[in-house]
Amino acid sequence: MDDDKRLEAFQAKIDREEKIEPRDWMPEDYRKHLIRQISQHAHSEVVGMQPEGNYITRAPSLRAKVVLLAKIQDEAGHGLYLYSAAETLGITRDELLEQLHGGKAKYSSIFNYPTLNWADIGAVGWLVDGAAIVNQVSLQRTSYGPYSRGMVRICKEESFHQRQGYEIMADMAKGTPEQKAMAQDALNRLWWPSLMMFGPHDADSPRSGNALKWKIKRETNDELRQKFIDKTVQQAEVIGLTIPDPDLKWNEETGHYDSGEINWEEFYNVVKGNGPCNNQRLTHHKRAHDEGAWVREAANAYAKKQLEKSKVA
Amino acid sequence: MEVKDALIQYCLRLGDDAMIMGHRLSELCSNGPILEEDIAMTNISLDLFGQTRIIYTYAAELEGKGRSEDDLAYLRPEHEFQCALLTEQPNGHFGNTMARQMIFSVFYYHLFKELSKSPDESLAAFAAKSLKETTYHMRHACEWVVRLGDGTEESKWKIQDALNDIWSYHHELFEKDEVDEKLIDMGIITDTATIADDFYASVNEVIERATLGTPAGGWKATGGRSGRHSEYLGHILSVFQSLPRAYPDAKW
Ligand SMILES: [Fe+2]
Ligand SMILES: [Fe+2]
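Below is a short write-up of the structure. Remember, it's a predicted structure, so these values are computed and weren't measured experimentally.

Each value, and the rule that gives it
Residues numbered from 1 in each chain as written. Chains lettered and ligands numbered in written order. Predicted model: local features only at pLDDT ≥ 70, side-chain atom pairs only at ≥ 80, totals over all residues. Heavy atoms only, no water. Helix = DSSP H or I, 4+ residues; strand = E, 2+ residues; numbered from the N terminus. Rg over C-alpha atoms; globule rule 2.2 N^0.38 Å. Buried < 20%, exposed > 50% of the residue type's maximum accessible area, 1.4 Å probe, protein only. Areas by Shrake-Rupley, 256 points an atom, 1.4 Å probe, with all protein chains shown as cover. Contact = heavy atoms within 4.5 Å. Lys, Arg positive; Asp, Glu negative; His and termini not counted. Charge placed at Lys NZ, Arg CZ, Asp CG, Glu CD. Patch = residues over 30% accessible without salt bridge, like charges linked within 9 Å, V, L, I, M, F, W, Y side chains within 5 Å. Salt bridge = Lys/Arg side-chain N within 4 Å of Asp/Glu carboxyl O. Donors = N, O, S within 2.8 Å, 3.2 Å for Na, K, Ca; no water. Tetrahedral: all angles 85-135°; square planar, octahedral: opposite > 155°, others 65-115°. Buried area = accessible area lost by both parts, 1.4 Å probe. Polar contact = N/O pair within 3.5 Å; in protein donor to acceptor, adjacent residues only side chain to side chain. Core = buried A, V, L, I, M, F, W, Y, C linked by side-chain atoms within 4.5 Å.

Side note on the overall build of chain A
When its secondary structure is counted, chain A shows 13 helices and 2 strands. Here the C-alpha atoms of chain A give a radius of gyration of 21 Å, agreeing with the 20 Å that 2.2 N^0.38 yields for 313 residues. For the C-alpha atoms alone, the extent of chain A along its principal axes is close to 70 × 50 × 35 Å. A burial count over chain A gives 55% of its 313 residues as buried. As displayed, chain A has an accessible area near 14,500 Å², and 52% of this comes from carbon and sulfur atoms.

Thoughts on the overall build of chain B
Scanning chain B from N- to C-terminus turns up 11 helices and 0 strands. Secondary structure of chain B in N-to-C order comes out as α-α-α-α-α-α-α-α-α-α-α. The C-alpha atoms of chain B give a radius of gyration of 18 Å, which matches the 18 Å a tight globule of 252 residues would have. Dimensions of chain B, computed from C-alpha atoms along their principal axes, come out at roughly 55 × 45 × 30 Å. Split into buried and exposed, the 252 residues of chain B put 59% on the buried side. Counted over contacts in chain B with a minimum sequence separation of 6, partners at least 24 positions apart contribute 81%. Of the charged side chains in chain B, 24 are positive and 41 negative; the average position of the first set lies 2 Å away from that of the second.

Structural notes on unusual backbone geometry
One non-glycine residue, lysine 215 of chain A, lies in positive phi territory at about 55°. Its place among the elements puts lysine 215 of chain A in the loop between helix H9 (208-213) and helix H10 (221-238). Classification of lysine 215 of chain A by relative accessible area gives buried; the value is 17%. At serine 30 of chain B, a position not held by glycine, the phi torsion is positive, near 70°. The topology assignment puts serine 30 of chain B in the loop between helix H1 (3-26) and helix H2 (35-63).

As for a negative patch on the surface
Residue and element names in this part refer to chain A. Residues Glu87, Asp94, Glu95 and Glu98 make up a contiguous surface patch of negative charge. Broken down by element, the negative patch gets its largest block of residues, 3 residues, from helix H5 (residues 93-101). Tracing the backbone shows glutamate 87 in helix H4 (residues 62-87). Accessibility expressed as a relative area gives 36% for glutamate 87, which makes it partly exposed.

Notes on the coordination of the iron ion (ligand 2)
All names here are of chain A. Within the protein, the atoms that donate to the iron ion (ligand 2) are Glu75 (OE), Asp129 (OD), Glu158 (OE) and His161 (ND1), at distances of 1.9 to 2.2 Å. In this structure, the iron ion (ligand 2) is coordinated by 4 donor atoms arranged in irregular fashion, with angles at the metal of 89 to 155°. Read from N- to C-terminus, the donor residues coordinating the iron ion (ligand 2) fall into the pattern E-x53-D-x28-E-x2-H. Separating the iron ion (ligand 2) from the iron ion (ligand 1) is a distance of 3.4 Å, and glutamate 75 supplies a donor atom to each of them.

Observations regarding the interface of chain B and chain A
Facing the 48 residues of chain B at the interface are 46 residues of chain A. Of the roughly 4,000 Å² buried at the junction of chain B and chain A (both faces included), carbon and sulfur atoms supply 70%. Looking at the side of chain B facing chain A, the largest losses of area belong to Leu35, Leu46 and Trp252 of chain B, adding up to 16% of the total buried there. Where chain B touches chain A, the interface holds 3 salt bridges. Across the contact surface, chain B and chain A share 12 residue pairs in polar contact (both at pLDDT 80 or more).

Some words on the coordination of the iron ion (ligand 1)
Six octahedral donors at a metal ideally form angles of 90 or 180 degrees, and four tetrahedral donors ideally form angles of 109.5 degrees. Here the iron ion (ligand 1) is held by Glu45 of chain A (OE), Glu45 of chain A (OE), Glu75 of chain A (OE), His78 of chain A (ND1) and Glu158 of chain A (OE), and the distances to it run 2.0 to 2.8 Å. Between consecutive donors of the iron ion (ligand 1), the numbers of intervening residues give the motif E-x29-E-x2-H-x79-E.

A closer look at the pattern of salt bridges
This structure, assessed with the given rule, holds 32 salt bridges over all chains. The partner of arginine 63 of chain A in a salt bridge is glutamate 167 of chain A, with the nearest N and O atoms 3.2 Å apart. Separated by 104 residues along the polypeptide, arginine 63 of chain A in helix H4 and glutamate 167 of chain A in helix H7 (residues 145-173) bring together distant segments of the chain. Glutamate 167 of chain A gets classed as partly exposed once you look at its relative accessible area, which sits at 34%. The shortest N-O distance in the salt bridge between arginine 209 of chain B and glutamate 143 of chain B comes to 3.1 Å. Residue arginine 209 of chain B is located in helix H9 (residues 193-209), and its partner glutamate 143 of chain B is located in helix H6 (residues 121-149); the two are separated by 66 residues in the primary sequence. Accessibility expressed as a relative area gives 35% for arginine 209 of chain B, which makes it partly exposed. Sharing partners across several salt bridges, the network here consists of Glu52, Lys71, Glu75 and Asp129 of chain A.

Overview of the nonpolar core
Counting 174 residues, the largest nonpolar core has Tyr30, Trp118 and Met169 of chain A as the members making the most contacts within it. Not counting residues within four places of it along the chain, the set of residues in contact with methionine 169 of chain A comprises Ala119, Gly122, Ala123, Trp126, Ala183, Ala186, Leu187, Ile239 and Leu241 of chain A.

Below, the structure is given as structure tokens:
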């Protein structure tokens, strides 16, 4: 079969809503797009452990500590799961990490913002996991089988995280004046970066064309962002916190909230590496990786010796 | 000393060991040599905090003064903690962490086996649950000691050094004072002397498989059970307790 026919069959399969599996033929660009997207997703889960881990040792109750530890453990598990999904596309985890360390692979910019008070842990769960869910629910229907199945599994845990984060925010919002101030401060700092998680406006999103045609993406950035805004604004109202957007208002006609313009200069600045924690996060990840090199080498050497022993025996 | 008071103190020691050990492991989040180990460390930490909550709750119940698990964790000063100095020691490199974890888990594996037979039902149930978790922690740490010992030249000397360094801290786990004597007399707990052989046998078996040398004796750390700690504990608590101490009126 020549490539044109293959491409036609591939597109037909996608149009029939059948999943593409690792052994199936796929266009090189489809493979590349998926590797980029899945690895970015995996790296986000892993780098995201840093801002949340920042408060593990200071969690204000044993229950809160256990909940946070369990959440971070889930995120690490998501990372592992997604690295495996990426590996089905013919790339190794080592290569993926090299791309991360070399700055070639990205992770979600939200994790380049610091966590500065305990309410940030609530806000991360509520807003960041909340935004991730909107995206990931949509991705459950993505055309690549291993990615789609990964999303189904991950989504269940993410909605748990979102609820737990919201619970922290709600408790703090009805707590002492200091706690309420912390909650509002966290929302003020993390609201806009959360909206940025959905990426540029559709009109400025160069790669969306193929991704939508191949059903890697099922909804556009702006559609997803709007869904997130609509569900979150009401949640903020319920617990008495104010979304830091003076232009936010309900639009009867569209049935959606209108909102103010995102600071795109900040967005592109952080993507380029100039956010408050870009350097810190990447340096941390590299350091941990480098410091662990002797451990990985030892494990490999040991495994090799065991293999040789079993051959002799 | 009343039996009840002895039991309260004993439970606090179990809880303090679990909490401070759990804290040390929680510091390692996002610092593992591989992602799988990040998950393992978090998991062990999670188990230890789970154990902490159960045994603190029981201690508070026995005490009957209306204190909660969080009061015990967050509002006691340094000298009221009775954890073994072993648990306070810094994580160091991965080999230091694993050597420390092996000693801790092997000891508690054998202890929990005995405590799960205690006539005190709450203590026995706690020990039985913790035994399952500790069995996994022990295997995990022991396998890593073997891998590092029989891995590369570098990993061998690193884990040997780590073992030698931490060895001074294992004696304290076997110490007995009036709290232990009382509970041994009443048949509520087992004398740690009866698990010493098993402990050394388990550790030696790992050391042998790891092709390592037996760590030498020398200095023996002590003091934790009477509230005299290493300098590290104060720093741990200043971080651990910071929020409830800064905002005493807040509920979290
Ligand atoms: Fe996740
Ligand atoms: Fe999550």
